[in-house]
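# Summary of the model geometry
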Amino acid sequence: MFPSKRSFVIACGMSAALLAAQGCWNPFGPGGGEDPSPVQYHEYCDSAWKVIDNLEYAYISRDLNLYMSCFRNDFEFHLLETDWADYDGDGQTDTYWGLDREELFHTYMFNSVDRIELTLNGTLDYKWSGGGEDTLYRELPRQFDLKVHIGSGGYQATGTARFICHPDSTGEYYIYRWIDESDQH
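First, a word on what this report is: a plain description of the structure on this page.

Attention now moves to the pattern of salt bridges. Per the stated rule, a full pass over the model turns up 8 salt bridges. The shortest N-O distance in the salt bridge between Glu-172 and Arg-72 comes to 3.5 Å. With Glu-172 in the loop between strand E7 (153–167) and strand E8 (173–180) and Arg-72 in the loop between helix H4 (64–68) and strand E2 (76–78), this residue pair connects regions lying 100 residues apart in the sequence. Relative accessible area serves as the criterion here: at 17%, Glu-172 is assigned to the buried category. Between Asp-125 and Arg-138 there is a salt bridge, and its shortest N-O distance comes to 2.8 Å. Here the residue Asp-125 occupies a position in the loop between strand E4 (115–121) and strand E5 (126–127), and Arg-138 occupies one in strand E6 (residues 138–150), the gap between them amounting to 13 residues.

Written as structure tokens, this is what we have:
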């Protein structure tokens, strides 16, 4: 992408879960450039699947405020091992990043691209084993297809991500952890 596909992901702030397996495409060719299908935005996420819908909507609309409303301060984005690096400059390899880095990356990305198409597929929603006895921690694995339009070209990524969701003190679900399990090419 810039020097490499991975550099583009980090430079543009594309969360590695959505761009670890990328390929170029022509938005004017077959299958490219169509209007994305509408996604419902939920004002209050009383179920984990609703916050995943909101994440998809926020990407498509490139709305940073809506995007950030999908998370809380304890958010962690867990990277593929190939993406581990020292993102915060403390001399230690980071295996995940938090809310501040997620916001920084997506501010840059949403302001730097022409259009984003994202489709999240899957309906599984089950108790997350890492939540102990708390049955409100929900795990939602999702297949994704992402197209990022930049000028006359763009990038496409497909893969898998696991979203761990939990309700906050008001009962609204948010994404607690986003675990990248993308295809690697």
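On we go.
Another aspect to go through is helix H5 (residues 99–112). Between its terminal C-alpha atoms H5 stretches 20 Å, which fits the 20 Å expected from 14 residues at 1.5 Å a residue. Turning to H5, its buried residues number three or more, namely Leu-99, Arg-101, Glu-102, Phe-105, His-106, Met-109 and Phe-110. An end-on view of H5 places all buried positions within 155° of arc, on one side of the element. Structural note: H5 exposes Asp-100, Leu-104 and Asn-111 on the side pointing more than 90 degrees away from its buried face.

Under the criterion given, the structure shown has 15 aromatic pairs. Their ring planes at 15° and their centres at 6.5 Å tell us that Phe-71 and Trp-178 sit as a pair that is stacked. One end of the pair, Phe-71, is in the loop between H4 and E2; the other, Trp-178, is in strand E8, and 107 residues separate them in sequence. Since its relative accessible area comes to 0%, Trp-178 is described here as buried. Considering the side-chain rings of Tyr-137 and Tyr-176, the 5.4 Å spacing of their centres and the 65° angle between planes classify their relative orientation as edge-to-face. Taken together, the residues span a long stretch of sequence, with Tyr-137 in the loop between E5 and E6 and Tyr-176 in strand E8 at a distance of 39 residues. A single burial state applies to Tyr-137 and to Tyr-176, both of which are buried. Members of the aromatic cluster, connected to one another through ring pairs, are Tyr-59, Tyr-67, Phe-71, Phe-75, Phe-77, Tyr-87, Trp-97, Phe-105, Phe-110, Phe-163 and Trp-178.

Conventions adopted
- Residues numbered from 1 in each chain as written.
- Predicted model: local features only at pLDDT ≥ 70, side-chain atom pairs only at ≥ 80, totals over all residues.
- Heavy atoms only, no water.
- Salt bridge = Lys/Arg side-chain N within 4 Å of Asp/Glu carboxyl O.
- Helix = DSSP H or I, 4+ residues; strand = E, 2+ residues; numbered from the N terminus.
- Buried < 20%, exposed > 50% of the residue type's maximum accessible area, 1.4 Å probe, protein only.
- Expected span 1.5 Å × (residues − 1).
- Arc of directions from axis to C-beta.
- Phe/Tyr/Trp six-rings, centres within 6.5 Å; stacked < 30°, edge-to-face > 60°.

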